[in-house]
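Examining the three-dimensional arrangement
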Amino acid sequence: MKLDAIEKKLAYLEFRFYSDQVKTTDDDGREVWIKGSGLEFMRMVLEAKRALGKDAKLEALTKDLQREVRLWSRAELPASGLTDMVREICRWLVNESG
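The notes below deal with the structure included here. (Residues numbered from 1 in each chain as written. Predicted model: local features only at pLDDT ≥ 70, side-chain atom pairs only at ≥ 80, totals over all residues. Heavy atoms only, no water.)

Considering the overall build of the protein chain
The condition is simple: Numbering goes from the N terminus for both helices and strands, where a helix is a DSSP run of H or I of at least four residues and a strand is a run of E of at least two. Note on exposure labels: buried denotes an accessible area under 20% of the residue type's maximum, exposed denotes more than 50%, and partly exposed covers the range between, all computed with a 1.4 Å probe on protein chains only. In this analysis, two residues are considered to be in contact whenever any of their non-hydrogen atoms come within 4.5 Å of each other. To measure how exposed things are, a 1.4 Å probe is used in the Shrake-Rupley method; for residues, cover is taken only from the protein chains shown.
When you go through the protein chain residue by residue, the secondary structure sums to four helices and two strands. Going from the N terminus to the C terminus, the protein chain shows its helices and strands as α-β-β-α-α-α. Taken over 98 residues, the protein chain has a buried fraction of 29%. For the protein chain, contacts bridging at least 24 residues in sequence account for 50% of all contacts bridging at least 6. Accessible area of the protein chain: about 7,000 Å², with a carbon and sulfur share of 57%.

A few points about the packing of helix H2 (residues 39–52) against helix H3 (residues 63–73)
In helix packing, the relevant descriptors are the interaxial angle and the interaxial distance, both defined with respect to the helix axes. Applicable threshold: Where helices are involved, their axes are fitted lines through C-alpha atoms of the stretch in contact, as for all axes, and angles between N-to-C directions lie from 0 to 180°. Oblique is the label for every angle not falling under 35 degrees (roughly parallel), over 145 degrees (roughly antiparallel), or within 65 to 115 degrees (roughly perpendicular). Crossing handedness is defined as follows: a turn of the near helix away from the far one that is anticlockwise and smaller than a right angle gives a left-handed crossing, while the clockwise case is right-handed.
Following both chains from N to C, one finds H2 and H3 inclined at 125 degrees, their axes separated by 11 Å at the closest point. Between H2 and H3, the angle is such that the two are oblique. Judged by the sense of rotation from one axis to the other, the crossing of H2 with H3 is left-handed. Residues Phe-41, Met-44, Val-45 and Ala-48 of H2 form the contact with H3, whose participating residues are Leu-65, Glu-68, Val-69 and Trp-72.

Overview of the nonpolar core
We count it as follows: Buried residues of nine kinds, namely Ala, Val, Leu, Ile, Met, Phe, Trp, Tyr and Cys, make up a nonpolar core once their side-chain atoms join them within 4.5 Å.
Core analysis: the largest hydrophobic core is formed by 17 residues, its most contacted members being Phe-41, Val-45, Leu-61, Val-69, Trp-72 and Cys-90. Mapped by element, the contributors of at least two residues to this core are H2, H3 and helix H4 (82–97). Beyond its immediate chain neighbours, meaning those up to four positions away, Val-45 contacts Leu-61, Leu-65, Val-69 and Leu-93.

A closer look at H2
Note: α-helices contain 3.6 residues per turn, so residues at a spacing of three or four share the same orientation. As a reminder of what qualifies: What a helix is expected to span follows from its residue count: subtract one and scale by 1.5 Å. The directions from the helix axis to the C-beta atoms are what the arc is built from.
Between its first and last C-alpha atoms H2 spans 20 Å; for 14 residues at 1.5 Å apiece the expected length is 20 Å, and the two agree. Within H2 the residues assigned to the buried category are Phe-41, Met-42, Val-45, Ala-48 and Lys-49. Seen from one end, H2 has its buried residues packed into an arc of 125 degrees, which puts them on one side. In this structure, H2 carries Arg-50 and Ala-51 as exposed residues pointing more than 90 degrees from its buried face. The positive-phi residue at the C-terminal boundary of H2 is Gly-53, with phi of around 110 degrees.

Shown next as C-alpha cells:
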C-alpha cells in the first residue's frame, strides 16, 4: 500500500515537471522529453523539405532536424491531436527514407 502511494506521488510529480513536454526515446533507446506540440518543429521540417524539393528524403535534412524527426516519430502520444499528426508525419519521413 505504501508503495502504491509513493508511485502515485511520483507519477504526479513527473506529470507536473514534464507538463507541455512529450515523452519519447532517443536513438539509443533512452527516455527523453521534447517540448511543445511539435507544430513549430513541423513547420521547419516542411520548409526545409520544400526548399530541398518534394522528393527530398530524411537524409537531405540537417543532422539536427533528422534527430528531431526521429524523436518525434517515437513520441508517446494519445491517439488524437496536433502532436499525433506531427508524430505520424515524422514516422512517414523515417519510413520513406528507410
